[in-house]
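# Residue-level structure breakdown
Here is what each chain is made of, one letter per residue.
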Amino acid sequence: MSQADASDPRAGNRARFELELEFVQSLANPYYLHSLAQQGILGQPAFINFLKYLQYWKEKDYARFILYPHALHHLELLQHAQFRSEIGKDEWREYLNQKQFDHWRTWRDGQQLSQSAVPLPEQAAQ
């Protein structure tokens, strides 16, 4: 942030918003969570408090900026000490990664499906 930006509270707020948004979205990556756990960061009280603070991203006014919805789910999981300790294990990282992949593989947009659906024979005859 330049010196001119430091005196502008709007610029400071925007910079903070962008940094926190980027960080919250990074939580969607199981490998990143694993790395944080391996470095011992997930066990630090200051970091745990930061994760609690970031809960505001689950509110509608902020969640609309999230591009990776798994980030909010992982943020919720990180509120639990057991998850913070388990994600440091390779098998948990792989399990979470596979669950995320399976969700992406099988998820369908309901509106998109209804627009591309082939009509049933009785619907086509009407």
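In this text the structure is predicted, and so the values were computed from the model without any measurement.

Definitions and limits used
- The residue count restarts for each chain, going from 1 along the sequence in the order it is written.
- The predicted origin of the model limits local features to residues at a pLDDT of at least 70 and limits the giving and counting of side-chain atom pairs to 80 or more, whereas totals for whole chains, interfaces and linings rest on all residues.
- As a rule here, side-chain values come from all non-hydrogen atoms in the structure, and water together with hydrogens is ignored.
- In what follows, salt bridge is the name for a side-chain nitrogen of Lys or Arg lying within 4 Å of a carboxyl oxygen of Asp or Glu.
- Accessibility here uses a 1.4 Å probe with only protein chains present; expressed as a share of the type maximum, an area under 20% marks a residue as buried, one over 50% as exposed, and anything in between as partly exposed.
- For Phe, Tyr and Trp, rings pair up if their centres lie within 6.5 Å, where Trp contributes its six-membered ring, and each pair is then called stacked (planes under 30 degrees apart), edge-to-face (over 60) or tilted (otherwise).
- Secondary structure is summarised from DSSP: a helix means a run of H or I of at least four residues, a strand means a run of E of at least two, and numbering begins at the N terminus for each.
- You can read pLDDT as the predictor saying how much it trusts each residue, on a scale of 0 to 100.
- Whether two residues touch is decided by their heavy atoms; if any such pair falls within 4.5 Å, the residues are in contact.
- As used here, the arc is the angular range of directions from the helix axis to the C-beta atoms.
- Helix axes are fitted only over the stretch in contact, all axes being lines through C-alpha atoms; the angle between N-to-C directions runs from 0 to 180 degrees.
- Any angle that falls under 35 degrees is termed roughly parallel, while one over 145 is termed roughly antiparallel, one within 65 to 115 roughly perpendicular, and all others oblique.
- In this scheme the handedness of a crossing depends on how the near helix is turned from the far one: anticlockwise by less than a right angle means left-handed, clockwise means right-handed.
- Gly counts as polar in this scheme, as do all residues outside two lists: the nonpolar Ala, Val, Leu, Ile, Met, Phe, Trp, Tyr, Cys and Pro, and the charged Asp, Glu, Lys and Arg.

## Here's the deal with the pattern of salt bridges
- In this structure the tally under the stated criterion is six salt bridges.
- For Arg-93, the salt bridge goes to Glu-94, with nearest N and O atoms at 3.0 Å.
- Overall, Glu-94 belongs to the partly exposed group, its relative accessible area being 35%.
- Through salt bridges with shared partners, one network takes in Asp-90, Arg-93 and Glu-94.

## Quick word on the packing of aromatic side chains
- Tallying each qualifying case throughout the model produces 13 aromatic pairs.
- With 6.5 Å between their ring centres and 70 degrees between their planes, Trp-92 and Tyr-95 make a pair best called edge-to-face. One end of the pair is Trp-92 and the other is Tyr-95, both in helix H8 (residues 90-106) and three residues apart, which spans about a single turn.
- Exposure remark for Trp-92: the relative accessible area of 32% places this residue in the partly exposed category.
- Connected via pairs of aromatic rings, a cluster forms that spans Phe-17, Phe-23, Tyr-32, Phe-47, Phe-50, Tyr-53, Tyr-56, Trp-57, Tyr-62 and Phe-65.

## Here we look at the confidence of the model for the protein chain
- In the predicted model, the protein chain carries a mean pLDDT of 84, and the fraction of residues at 70 or more is 80%.
- Confidence over residues 115-125 falls short of pLDDT 50; this stretch has zero contacts with residues more than four positions distant or in other chains.

## Thoughts on the environment of Asn-29
- Within the secondary structure, Asn-29 is located in the loop between helix H2 (9-26) and helix H3 (30-38).
- Assessed through its relative accessible area of 37%, Asn-29 is described here as partly exposed.
- Counting along the chain gives 68 residues from Asn-29 to Asn-97, while the straight-line C-alpha distance between them is 7.9 Å.

## Describing helix H4 (residues 45-53)
- Of the positions making up H4, those classed as buried are Phe-47, Ile-48 and Leu-51. Taken down its axis, H4 places every buried residue within 100 degrees of arc, on the same side. Exposed side of H4, more than 90 degrees from the buried face: Pro-45 and Ala-46 are the residues found there.
- Contact partners of the buried residues in H4: H2, H3, helix H6 (70-77) and helix H7 (81-86).

## Things to note about the packing of H3 against H8
- Axis separation between H3 and H8 bottoms out at 9 Å; the angle between their running directions is 160 degrees. If you check the angle between H3 and H8, you find them roughly antiparallel. At the point where H3 passes H8, the crossing takes the right-handed sense. When H3 is examined against H8, the residues Pro-30, Tyr-31, Leu-33 and His-34 are found in contact with a partner set consisting of Asp-90, Arg-93, Glu-94, Leu-96, Asn-97 and Gln-100.
- In terms of residue class, the contact of H3 with H8 is made up of four nonpolar, three polar and three charged.

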